[in-house]
Amino acid sequence: MKIIRPFTVTESALVTSSVAETVSLWSSGTTYAALAQVRKGTRLYESQQASNTNHDPAIDDGTWWVDIGPTNRWAMFDQVNGTATSKASSIAATVQITGRIDSVALLGLTASSVNVTARSGATEVFNQTVDLIDTTGVTDWYEYFFADIVYKSDLIVTGLPLNAGLQVDVTISGSGTVEVGTCVFGLSRALGGSLYGAKLGINDFSRKDQDAFGNYTVVPRAFAKRGSYTVVVNGGSIAECASKVAAIAKLLSDYRATPLVWVASETYDATITFGFYKSFDLEIAYPTQSILTLEIEGLT
């Protein structure tokens, strides 16, 4: 089990993006009609009234404006997997990192390949292209030749060098419309070894109403991943194990209100979750071995 602690992508950190902004910036001198849309910062706002003049949408209490979400360019950098950045053929973004990172997580992908390139100054220090074709469900020759091609929707790219101040390029490519729900740049930290017996699933927020005749009316809504994991924390000595337990307890306490990328196993992509821990327990089971149990709740 490892976590990826996210770097916050701000407007100053986003150097370039191939996703154009299609909504005009809000202007204090413009009068907006009802339902008119503007953008300010990374967010989109919709006017709630006619004759809307000089009401700042970012500080309005909802009387004049309503926040309808991130712009298309910024949807991939918010904390909602269900809001996706989309563009025909490819999405390319360059982010200037402050501090150090070693991982990039891309969740909610609709694409065929991803390239991550990192530069330290003018020197390229990392370049990796990943084919997203998922062959895990191909178990025989019939499926190899005739089954539909399936692409991975979640990807973790690791091994970026720990140079301070990397500039990272992410290019997501595919045929048709390409989408990405969440893009996280961050620093990974191993917690221990995940044990078999892990449980994962989703919380579905769709509405399902049944009438008197048993017929259902279904309103599809967002869903969020969830998982239950048991992690072994080993130490070479009692003192080392005690030190690891203390460090993990402090780390998780410090990040109690921060969404993280949780990777229970890089072999099982389904365990990749962007969200919070609902609870954690550290059991000092043996002198040189402790047991960490985690309940993870993903973001919608």
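Use the structure listed above.
Thresholds applied
Residues numbered from 1 in each chain as written. Predicted model: local features only at pLDDT ≥ 70, side-chain atom pairs only at ≥ 80, totals over all residues. Heavy atoms only, no water. Phe/Tyr/Trp six-rings, centres within 6.5 Å; stacked < 30°, edge-to-face > 60°. Buried < 20%, exposed > 50% of the residue type's maximum accessible area, 1.4 Å probe, protein only. Helix = DSSP H or I, 4+ residues; strand = E, 2+ residues; numbered from the N terminus. Contact = heavy atoms within 4.5 Å. Polar contact = N/O pair within 3.5 Å; in protein donor to acceptor, adjacent residues only side chain to side chain. Pairing = 2+ DSSP bridges. Axes fitted to C-alpha atoms, helices over the stretch in contact; angles between N-to-C directions. Expected span 1.5 Å × (residues − 1). Arc of directions from axis to C-beta.

Draft legend 1. The arrangement of the packing of aromatic side chains in detail. Counted by the stated rule, this structure contains four aromatic pairs. With 5.3 Å between their ring centres and 85 degrees between their planes, Tyr277 and Phe280 make a pair best called edge-to-face. A relative accessible area of 13% places Tyr277 in the buried class. Feature note: the residues Trp262, Tyr277 and Phe280 constitute an aromatic cluster, connected by ring pairs.

Draft legend 2. Summary view of the environment of Ser206. Following the sequence through the fold, Ser206 ends up in the loop between β16 (199–204) and β17 (207–210). Given the relative accessible area of 17%, Ser206 is considered buried. As a C-alpha pair, Ser206 and Val219 span 13 residues in sequence and 5.7 Å in three-dimensional space. Residues contacting Ser206, with those up to four places away along its chain left out, are Val219, Pro220, Arg221 and Ala222. Here the side chain of Ser206 touches Asp204 through a polar contact of 2.9 Å, side chain to side chain. One polar contact links the side chain of Ser206 to the main-chain amide nitrogen of Arg221, over a distance of 3.0 Å.

Draft legend 3. The sheet that holds strand β2 (residues 14–17), seen in detail. Read from one edge to the other, the open sheet built from five strands follows the order β2-β8-β13-β10-β11, with strand pairing classed as antiparallel. Two strands bound the open sheet, and with one partner strand each, they are β2 and β11 (123–131). Within this sheet the neighbouring strands show an average axis-to-axis angle of 15 degrees, counted without direction. Judged from the eight bridges that link them, strand β10 (residues 113–120) and β11 form a sheet pairing that is antiparallel. Bridged to Ala118 within β11 is Phe126.

Draft legend 4. Geometry of helix α2 (residues 238–254). For α2, built from 17 residues, the straight-helix expectation of 24 Å at 1.5 Å per residue is met to within 8% by its first-to-last C-alpha distance of 24 Å. Among all positions of α2, only Cys241, Val245, Ile248, Leu251 and Leu252 are buried. Summarising the axial view, the buried residues of α2 lie within an arc of 135 degrees, below the 170-degree limit, and thus occupy one face. Every exposed residue of α2 that faces more than 90 degrees away from the buried side is listed here: Ala239 and Lys250. Of the surrounding secondary structure, the elements contacted by the buried residues of α2 are β1 (2–7), β14 (182–190), β19 (223–234), β20 (260–263), β21 (272–286) and β22 (289–298).

Taken by themselves, the reported measurements are silent on function.
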